[in-house]
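Structural features, examined
Spelled out, the chains give:
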There are 2 protein chains.
Amino acid sequence: MIRMRDLSLLTDFYQLTMAQGYCEKGKTEEAVFDLFYRENPCDNGYAVFAGLEQVIEFVENLEFKEEDIEYLRTQGFKERFLDYLRDFKFTGDIYSVPEGSVVFPKEPLFKVEAPILQAQLLETPLLNFINHQALIATKAARITEAAQGKSVLEFGLRRAHGPDAGTYGARAAVIGGCSGTSNVLTGKKFGVKVSGTHAHSWVMSFESELEAFRTYADNFPDSAILLVDTYDTLKSGVPNAIKVFKEMKDKGIDSELFGIRLDSGDLAYLSKEARKMLDQAGLEDAVIVASNNLDEDIISSLNLQGAQIDLYGVGTKLITSYDCPAFGAVYKMSEYNDQPKIKLSDNIEKMTDPGNKKLIRIYDQRSGEIRADLIALKDEVISADRDLVLFDARDTWKTTTLKKGNYQLREMMKPIFKTGKLVYDSPQVAEIKEYAEKEKESLGAEYKRLTNPHIMKVDLSDKLYELKQKLIKENKIEK
Amino acid sequence: MIRMRDLSLLTDFYQLTMAQGYCEKGKTEEAVFDLFYRENPCDNGYAVFAGLEQVIEFVENLEFKEEDIEYLRTQGFKERFLDYLRDFKFTGDIYSVPEGSVVFPKEPLFKVEAPILQAQLLETPLLNFINHQALIATKAARITEAAQGKSVLEFGLRRAHGPDAGTYGARAAVIGGCSGTSNVLTGKKFGVKVSGTHAHSWVMSFESELEAFRTYADNFPDSAILLVDTYDTLKSGVPNAIKVFKEMKDKGIDSELFGIRLDSGDLAYLSKEARKMLDQAGLEDAVIVASNNLDEDIISSLNLQGAQIDLYGVGTKLITSYDCPAFGAVYKMSEYNDQPKIKLSDNIEKMTDPGNKKLIRIYDQRSGEIRADLIALKDEVISADRDLVLFDARDTWKTTTLKKGNYQLREMMKPIFKTGKLVYDSPQVAEIKEYAEKEKESLGAEYKRLTNPHIMKVDLSDKLYELKQKLIKENKIEK
C-alpha cells in the first residue's frame, strides 16, 4: 500500500453532517452509487477515464486520525459519531472501468456498493480525482489527435492549479496521448519520460546568444534543443544555432536529438523559414520544436499551413483544459437497501438510471470498432448468441438490430475492492497509455474528429428501461 | 517551519538542465527575477495576489533527498551537479507584496535576488502556487462583488483540479471574498469557516422527504438548511420544510440558522415563490440558499430579477475560474551580475522592465483611494514632498500631475527572505481576508465593476523609462 499524505478530511462538510445523521439514526443499509458524467468536455466525441489509481490510494489510506477527530469535535460533531470515525474502515465493493478507457456520457463508469455512510463519504474525493484526471486525459487526446502523429509534450506545470494539478495532470496528459512532460515530479512518481531545454534567462545570462548556445550544447549534446527567439529568431537565433550544430558535427559529436525551439511569433512562417535555413546548412536531422499557447485548434491550423514542426510543447491550454476546465462527473445513488432509486428532474436528461447496473460495450465483429454501449441491470444476462435490438432511451422508435455473430460484447467495469479489500492491480502509467491508444483505435474516425463528432449510442437494456419508466411513474408528483 | 510533503522535484526539467549548465560553467553571479502578469483574469479591473504562504513553505523545505538525487542520476545528470544539489540551500533574498493585495498588470509583485542557479530553480513552483491562488482569489473577488454583500460560500471541491486545487483554491477563495467553504481540509488547515447541508441522496435514503428533513433538523437544529428539490421544489420540498420548521418552533427550538437550499430550476422564480410560502407560514427568519452552476454573471442577473436569495453556494465556476482558468504570471530576469537585462519582443507590451525595481502605490490623500502604481528602480528616491508627474510608458504624452500634499506613497513589496532566512510572518487566512477587504475598499467603484472597468495607471519612473529605452536601443537587431 502506498502511503498517501493525509487527505481524509478532503471532503465536503455535508458528507460529514450526513454521515453523522446516518450514524445517529443507525442507518447501516447498503447503497449503490454510480459515477457518470453528462457531456463530453470540449464537445469531444468521447472522454478518457483516468484517476482510478489515486482513488484506490485514497480509499486504502482513508482513516481519521486523532487530530482529524479533534478538529471535527471543534466543529460540533457528536462523540458517538467521532467514535465511529475513529474506527472507520471502508468495507464495501468498488467496480470501475480501467484507466485509459474510452467512455461516453451517461454510462456508469465507477460503482460503489457499501453501507450508505461509507459510500457517501467517498463521493467528494473520488469525484475530485476522477473529474480532474479524466478532464486532462480527454484534452490530451484531443490535442494529440490534432498533432496527427507528431509528439506532444506536456509543459504546463507553472499554470496548473497547484502542485497536484500539475503532477496528476501530467500523468493524465500522458495517459491521454502525450509523449512526456516537463514535470520532473511526475517523471519520478510515475516513471514517465521527462524532457525540456532552456529558457530565455539562460541566453540572457551569457555575454552572447552564441556563447549561451555553445555552452548548452556542450552540456547536453544528446538533447541540444536551443531556444532561438530571445533576440530575433531568424536573424540571430537560428544562425547561431546552426553555427553551434556545425561545430558539434565538426567535433564528431553524433547527437541523439538536436534542434531549435520556437516560442513566439508566427510559428507557421518561422518554422518553414527555419527549416529551409537548417536544411541549407545540411542539418536535415535537426528537429523543430514549437511552443507558445498551443491547443488543438492552433495545432490543426499549423498543420493546414504546412508548418515544419516536429514536436509540440503544450502548456496552459492542456494543463487547465482551458476552454472546458471542468469534467462534470457526478455520483448518484441508484439503489438503497435493495430498492432501486431514481432522482427525478424536469429535464429527462438529468434523471438518473435506477438499480445496480453494469456497462457492456458492443464491438463490431469484423472491424473491431465500438458499435454502442449498453447499460443493463447487474444480474441481466446479455449474450452475443442472439440478435440484439438497441433503442434510444428517449426516442424509443430509433432502433438498431445487431445480427448474432456480427458483434462482440465486453463488460467494462472490473472489481477494484471486494468487502474493503483491494483486488485490483493498478497498471503502470506506460501500460495505461498503451491501453488508451488501443481504446482510441477502437473508435471510428468519425467519433474522433474534433468538431461535431458522431455521438456514440449509449442505450438501456429493455429491463432497465422498464424499471426506469416504472419508477418515474411511481415517484412523480402531479403538477 | 511547517513540514511540507516533498515537492522539491515539482519543477520543469529545463530548470534542472539549466542549473547543471550554470553549475558546470561555475556561474555563481547574482540575478534578479521579477514575477508579474500581463492581463487581469476575466477582464477584471485588478487581481488579488495570493499563494505567498505556500511559496514560503516551499522555499523553506527545498532540499534534494537521496531518492531525488537517485532519480536525477537515472536522468543523466552529472555527479558534480548532484553533489551540488545534495547540499542545496536557498541563500538569497525574496520580496513580495502581501497576500490579499490588490495588484495590476505589468508591475513586479514578487522579486528574487539570488545566485542565478537558485533564482532559476524557484521559477516553476512559485509560478505554480501564485498563478493558481491569485486566479481563484481574483475570481472570488468578482463573484462576491456580484453578490453585493450577500455571503458566498465556496462549494467546488469535487470539480477542482485535484486535492491541492480544492484545498488551496478554497483558501484563495476565502482571501478573495468568500465567507467560507465546504472543504473540511481547508477548514482544518487554515482555520476558515466550513459549512454545508445535505445531498439528494440523504432524502432518497428515507421513506419520505418529510422524514429525511425531520431527521436532519433533529440532528443539526442550528444549521438546518434543507435541500428542497429532490422531488418537486414548490409542491413537495418547500411545504415539507415548512412543516419541519414549524415543528421545531413548536418544540421551542430557537435555531441559529435554518432555511432551504435551491439547487436546480429557475432560481429567481423559485426563490421568490419559496420566500412567499415561508413568509406566509410566519418563517420570515428562514434563509434561502441557492446553488447550481452560479457565477458572477448569473448572480448579477438574479439580483436584477429581485431573486430572494440570502446566500450563494458557488462551485465549479469559482474553483476552476471557469471562463478564465489560468493566471498568466511570468518570472523574468531583470538583472544579472549587477547589469540590468531586458527581454525584447516585437510586441512592446511583452518587453520586460529592466533592473532591480520596487513598486510604489500612490493614494489620493483625501479619499484614500489608489490613484496609480509607479514602478521605480530600487535605489531611486520617490518622495511625496514634491509634485509627481506620471506618464504612460507607451503614450508618453499622456501625463498626470499629482500636487504635493494631495497624494501619499506606499512601498508594496516587503522582505520575505534575507540571505536565505525567513524574515516574514505569514498572517492567518482570516487576517489576509480582512486585509484584502481593505485593499478592495481602496479601489474606486469604477475599477471594481465587472464589465469594462477603468484601467489602473501603472507607470514607470523617469529613470526606469530611460534605462528601458537605452537597453532597447543597445539590444535591438536591425531588421
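Preceding block: the structure.
Rules of the game
- Residues numbered from 1 in each chain as written.
- Chains lettered and ligands numbered in written order.
- Predicted model: local features only at pLDDT ≥ 70, side-chain atom pairs only at ≥ 80, totals over all residues.
- Heavy atoms only, no water.
- Buried < 20%, exposed > 50% of the residue type's maximum accessible area, 1.4 Å probe, protein only.
- Helix = DSSP H or I, 4+ residues; strand = E, 2+ residues; numbered from the N terminus.
- Pairing = 2+ DSSP bridges.
- Least-squares fit on C-alpha atoms with pLDDT ≥ 70 in both.
- Contact = heavy atoms within 4.5 Å.
- Buried area = accessible area lost by both parts, 1.4 Å probe.
- Salt bridge = Lys/Arg side-chain N within 4 Å of Asp/Glu carboxyl O.
- Expected span 1.5 Å × (residues − 1).
- Axes fitted to C-alpha atoms, helices over the stretch in contact; angles between N-to-C directions.
- Parallel < 35°, antiparallel > 145°, perpendicular 65-115°, else oblique.
- Nonpolar A, V, L, I, M, F, W, Y, C, P; charged D, E, K, R; others polar.
- Disulfide = S-S within 2.5 Å.

Points about the pairing of strand β5 (residues 110-115) of chain A
Residue and element names in this part refer to chain A.
- Counted residue by residue, β5 has 6 buried out of 6 residues, so it is predominantly covered.
- Where strand β1 (residues 30-36) lies against β5, 6 bridges are found, and the strand directions are antiparallel. Within the sheet, the bridge partner assigned to V32 lies in β5 and is E113.
- When strand β3 (residues 93-96) meets β5, the two strands line up antiparallel, connected through 4 bridges. When the bridges of β5 are listed, S96 appears paired with F110.

Considerations on the relation of the copies chain A and chain B
- Under the fitted operation, chain A is carried onto chain B by 0.0 Å of movement along the axis and a turn of 180 degrees, and the coordinates agree to an RMSD of 0.0 Å. As the rotation angle and translation indicate, the two copies are arranged about a two-fold axis. Among all C-alpha atoms of chain A, that of A:D164 lies closest to the rotation axis, at 2.8 Å.
- Most of the interface of chain A is mirrored in chain B: 100% of its interface residues are interface residues there too.

Quick look at the interface of chain A and chain B
- If you look at the interface, chain A gives 100 residues, while chain B gives 100 residues.
- For the pair chain A and chain B, the summed buried surface comes to about 8300 Å²; carbon and sulfur atoms form 60% of the total.
- Its largest share of buried area at the contact with chain B, chain A owes to A:R158, A:H161 and A:M204, together 10% of the area lost on that side.
- Our enumeration of links across chain A and chain B arrives at 12 salt bridges.

With respect to helix α6 (residues 163-176) of chain B
- Between the first and last C-alpha of α6(B) there are 19 Å, a value that for 14 residues agrees with the 20 Å anticipated at 1.5 Å per step.
- Burial analysis of α6(B) places 14 of its 14 residues in the buried class, which makes it a mostly covered element.

Examining the packing of helix α1 (residues 13-25) of chain B against helix α4 (residues 79-86) of chain B
All names here are of chain B.
- Packing of α1 against α4 brings their axes to within 9 Å, and their N-to-C directions diverge by 100 degrees. Here α1 is positioned roughly perpendicular relative to α4, judged by the angle of their axes. Of α4, the residues touching α1 (which contributes L16, A19, Q20, C23 and E24) are R80, F81, Y84 and L85.
- Looking at the contact of α1 with α4 residue by residue, the class counts come to 6 nonpolar, 1 polar and 2 charged.

Regarding the sheet that holds strand β8 (residues 224-227) of chain B
Residue and element names in this part refer to chain B.
- Here we have 6 strands laid out as an open sheet, ordered β7-β6-β11-β10-β9-β8, and parallel in their pairing. Edge positions in the sheet fall to β7 (180-181) and β8, since each has one partner strand and no second.
- Where strand β9 (residues 258-262) and strand β10 (residues 287-290) come together, 4 bridges link them in parallel fashion. In the strand pairing of β10, L262 is matched with A290.
- Each of β8 and β9 is contacted by helix α10 (residues 233-250), which is oriented at about 165 degrees to β9, the strand it contacts most.

A word on the side chain of B:T316
- Inspection of the secondary structure assignment puts B:T316 in helix α13 (residues 316-319).
- When its relative accessible area of 11% is taken as the criterion, B:T316 is described as buried.
- Apart from the residues lying within four places of it in its own chain, the contact partners of B:T316 are A:A326, B:G156, B:R159, B:N293, B:S321 and B:Y322.

Some details on the pairing of β3(A)
All names here are of chain A.
- The side-chain alternation of β3 yields two buried faces, one formed by D93 and Y95 and the other by I94 and S96.
- Note that β3 and strand β19 (residues 414-418) share 3 bridges and pair antiparallel. Paired with S96 across the bridge in β19 is K414.

Structural notes on the pattern of salt bridges
- Tallied over the full model, the rule gives 76 salt bridges over all chains.
- Where A:E296 meets A:K139, a salt bridge forms, and the shortest distance between an N and an O atom there is 2.9 Å. Placement of A:E296 in helix α12 (residues 296-304) and of A:K139 in helix α5 (residues 116-146) is noted, with a sequence separation of 157 residues between them.
- For A:E296, a relative accessible area of 1% corresponds to the buried category.
- B:D68 is the partner of A:K188 in a salt bridge, and the nearest nitrogen-oxygen pair spans 3.0 Å. Taken together, the positions of A:K188 in helix α7 (residues 184-190) and B:D68 in helix α3 (residues 66-74) put the pair across two chains.
- By relative accessible area, A:K188 is classed as partly exposed at 23%.
- Among the charged side chains, a salt-bridge network with shared partners connects A:E107, A:R361, A:D373, A:R410 and A:E439.

Description of the state of the cysteines
All names here are of chain A.
- Applying the stated rule across the entire model yields 2 disulfides over all chains.
- With its sulfur 2.0 Å from that of its partner, C42 forms a disulfide with C324. With a gap of 282 residues between them, C42 in the loop between β1 and β2 (47-48) and C324 in the loop between α13 (316-319) and β12 (330-336) connect regions that are remote in the sequence. In this pair, the class of C42 matches that of C324, namely buried.
- Note on C178: no disulfide assigned, nearest cysteine sulfur contributed by C42 at a separation of 14 Å.
- Exposure remark for C178: the relative accessible area of 0% places this residue in the buried category.

Overview of unusual backbone geometry
- Positive phi, normally seen in glycine, also occurs at A:N337, with a value near 50 degrees.
- If you trace the backbone, A:N337 turns up in the loop between β12 and β13 (339-340).
- The phi torsion at B:D43 lies on the positive side, around 55 degrees, for a residue other than glycine.
- Tracing the backbone through its elements, the reader meets B:D43 in the loop between β1 (30-36) and β2 (47-48).
- By relative accessible area, B:D43 is classed as exposed at 61%.

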